[in-house]
Amino acid sequence: MQERTIKYIEMESPIGPLVLGATAEGLCRVEFGRWADAKAGLREWSERWLGTREWVPGREALAAAEAQLTEYFRGERQVFDLLLDLRGTPFQTKVWHALTDIPYGGICSYKDIGRAIGSEKAVRAVGGANNRNPVPVIVPCHRVIGADGAMVGYGGGLDVKTFLLRLEGSIMI
């Protein structure tokens, strides 16, 4: 097996099935849905960012990620302690790292993230990077809302975003 192979599992969660993927460097993907439905898009993504389309089952490699997500969904974990292998543009990775600074139960706006990375006026670009977060939930892009407090798009759908924010006590609606 080549070093660039991505190991994956499919896990059940309160927000539906999730596909987790990891390289030797760390968790690289959390995808909403089932492997059968997501594999074509995941292979395209991995070819672009990792130079491989090879995904193989690998429960052992993803045991810690699965356990920590399970604890999070039970309300037993507020901070993830996982190695991440984030692949994106330099701007995107800067945004994703800033997202990890939003505390459990906290929310902020795209403008707040822009300010945190020194690009306050790049609100749309921050939104685009947020949308391309390869490891949602772990890198908490769900904690970003509109400047007016409105719920704005989420890859898993607004119902999933609402569920996650309620779980964390960020919203009471």
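Note that the coordinates shown come from a computational prediction; the quantities given were computed from them, not determined experimentally.

Visitor: Would you take a moment to explain the overall build of the protein for this structure?
Guide: The helix and strand tally for the protein stands at 6 helices and 6 strands. Element order for the protein, N to C, with α for helix and β for strand: β-β-β-α-β-α-α-β-α-α-β-α. Computed over the C-alpha atoms, the radius of gyration of the protein is 16 Å, within 12% of the 16 Å expected from 2.2 N^0.38 for a compact globule of 173 residues. Counting only C-alpha atoms and orienting by the principal axes, one finds that the protein spans roughly 50 × 35 × 25 Å. Out of the 173 residues in the protein, the part that is buried amounts to 47%. Counting only contacts in the protein whose residues sit at least 6 apart along the sequence, the fraction spanning at least 24 positions is 56%. Of the roughly 8800 Å² of accessible surface on the protein, a fraction of 49% belongs to carbon and sulfur atoms.

Visitor: Looking at this structure, how should I read the packing of helix α3 (residues 90-99) against helix α5 (residues 123-131)?
Guide: A pair of packed helices is captured by two measures, namely the crossing angle of their axes and the spacing between those axes. It is at 9 Å that the axes of α3 and α5 come closest, and there the two elements cross at 80°. Viewed along their axes, α3 and α5 adopt a mutual orientation that is roughly perpendicular. Contact residues: α3 offers F91, Q92, V95, W96 and L99, while α5 offers A125, V126, A129 and N130. Each residue belonging to the contact of α3 with α5 can be placed in one class, and the counts come to 7 nonpolar, 2 polar and no charged.

Visitor: It is not clear to me how the nonpolar core should be interpreted in this structure. Could you clarify?
Guide: Looking at soluble globular proteins, one finds that nonpolar side chains tend to be buried together. In this structure, L20, L99 and I113 are the most contacted members of the largest nonpolar core, which totals 35 residues. Mapped onto this core, the elements with two or more residues apiece are β1 (6-11), β2 (18-23), β3 (26-32), α2 (63-73), α3, α4 (110-116), α5 and α6 (158-167). When neighbours within four sequence positions are excluded, I113 is seen to be in contact with V95, A98, L99, I102, C108, V126 and V144. Ranked by size, the runner-up nonpolar core spans 10 residues in total, among them V19, W35, A38 and L42.

Visitor: Even after reading the chapter, I still don't get the sheet that holds strand β4 (residues 55-57), so can you show me in this structure?
Guide: Strand pairing in a sheet relies on backbone hydrogen bonds, with the paired strands running either antiparallel or parallel. Taken together, 4 strands build an open sheet; the order of strands is β3-β2-β1-β4 and the sheet is mixed. Looking along the sheet, the strands with just one partner apiece sit at the ends: β3 and β4. Within this sheet the neighbouring strands show an average axis-to-axis angle of 30°, counted without direction. Relative to β2, β1 is paired through 5 bridges, and the arrangement is antiparallel. Opposite M11, over in β2, you have L18 as the bridge partner. Running over the sheet, helix α1 (residues 35-50) touches β1, β2, β3 and β4 and is turned about 140° from β3.

Visitor: What exactly am I supposed to notice about α6 here?
Guide: Every α-helix winds through 3.6 residues per turn, so residues three or four apart in the chain are directed the same way. When α6 is considered as a whole, its buried residues turn out to be V160, K161, T162, L164 and L165. In this structure, the buried residues of α6 make contact with β3, α2 and β6 (144-145).

Visitor: Would you mind showing me how to read the packing of aromatic side chains here?
Guide: The geometry of an aromatic ring pair is captured by two quantities: the separation of the ring centres and the angle between the planes. A complete count under the given rule lists 7 aromatic pairs for this structure. Measuring from centroid to centroid gives 5.4 Å for Y72 and F73, while their planes differ by 70°, and the two rings are edge-to-face. Take Y72: its relative accessible area is 0%, and that puts it in the buried class. F73 sits in the buried class, given a relative accessible area of 9%. With centroids separated by 6.3 Å and ring planes inclined at 85°, the aromatic side chains of Y72 and Y104 adopt a geometry described as edge-to-face. Taken together, the positions of Y72 in helix α2 and Y104 in the loop between α3 and β5 (108-109) put the pair 32 residues apart, joining distant regions of the chain. One aromatic cluster is present, formed by Y72, F73, F80 and Y104 through successive ring pairs.

Visitor: Just checking my understanding: could you explain the layout of surface pockets for this structure?
Guide: Leftover empty space is mapped by rolling, across the atoms, a probe with the size of a water molecule. Estimated volume of the largest pocket: approximately 460 Å³. If you go around the largest pocket, you meet 27 residues; those closest to its centre are R29, N131, R132, N133 and P134. Breaking the lining of the largest pocket down by element, the ones donating at least two residues are β3, α1, α3 and α5. Here the element with the most residues in the lining of the largest pocket is α1; it accounts for 6 residues. Of the voids in this model, the second largest pocket is the one considered here, and its volume is about 240 Å³. Along the walls of the second largest pocket sit 13 residues, with V79, F80, T100, I138 and P140 positioned nearest its centre. When the residues that make up the lining of the second largest pocket are grouped by side-chain class, the tally is 10 nonpolar, 2 polar and 1 charged.

The rules behind each value
Residues numbered from 1 in each chain as written. Predicted model: local features only at pLDDT ≥ 70, side-chain atom pairs only at ≥ 80, totals over all residues. Heavy atoms only, no water. Helix = DSSP H or I, 4+ residues; strand = E, 2+ residues; numbered from the N terminus. Rg over C-alpha atoms; globule rule 2.2 N^0.38 Å. Buried < 20%, exposed > 50% of the residue type's maximum accessible area, 1.4 Å probe, protein only. Contact = heavy atoms within 4.5 Å. Areas by Shrake-Rupley, 256 points an atom, 1.4 Å probe, with all protein chains shown as cover. Axes fitted to C-alpha atoms, helices over the stretch in contact; angles between N-to-C directions. Parallel < 35°, antiparallel > 145°, perpendicular 65-115°, else oblique. Nonpolar A, V, L, I, M, F, W, Y, C, P; charged D, E, K, R; others polar. Core = buried A, V, L, I, M, F, W, Y, C linked by side-chain atoms within 4.5 Å. Pairing = 2+ DSSP bridges. Phe/Tyr/Trp six-rings, centres within 6.5 Å; stacked < 30°, edge-to-face > 60°. 1 Å grid on protein atoms, 1.4 Å probe; cavity = no way out; pocket = protein on both sides within 12 Å on 5 of 7 lines; lining within 4 Å. Points joined across faces, edges and corners; volume = space filled by probe spheres on them.

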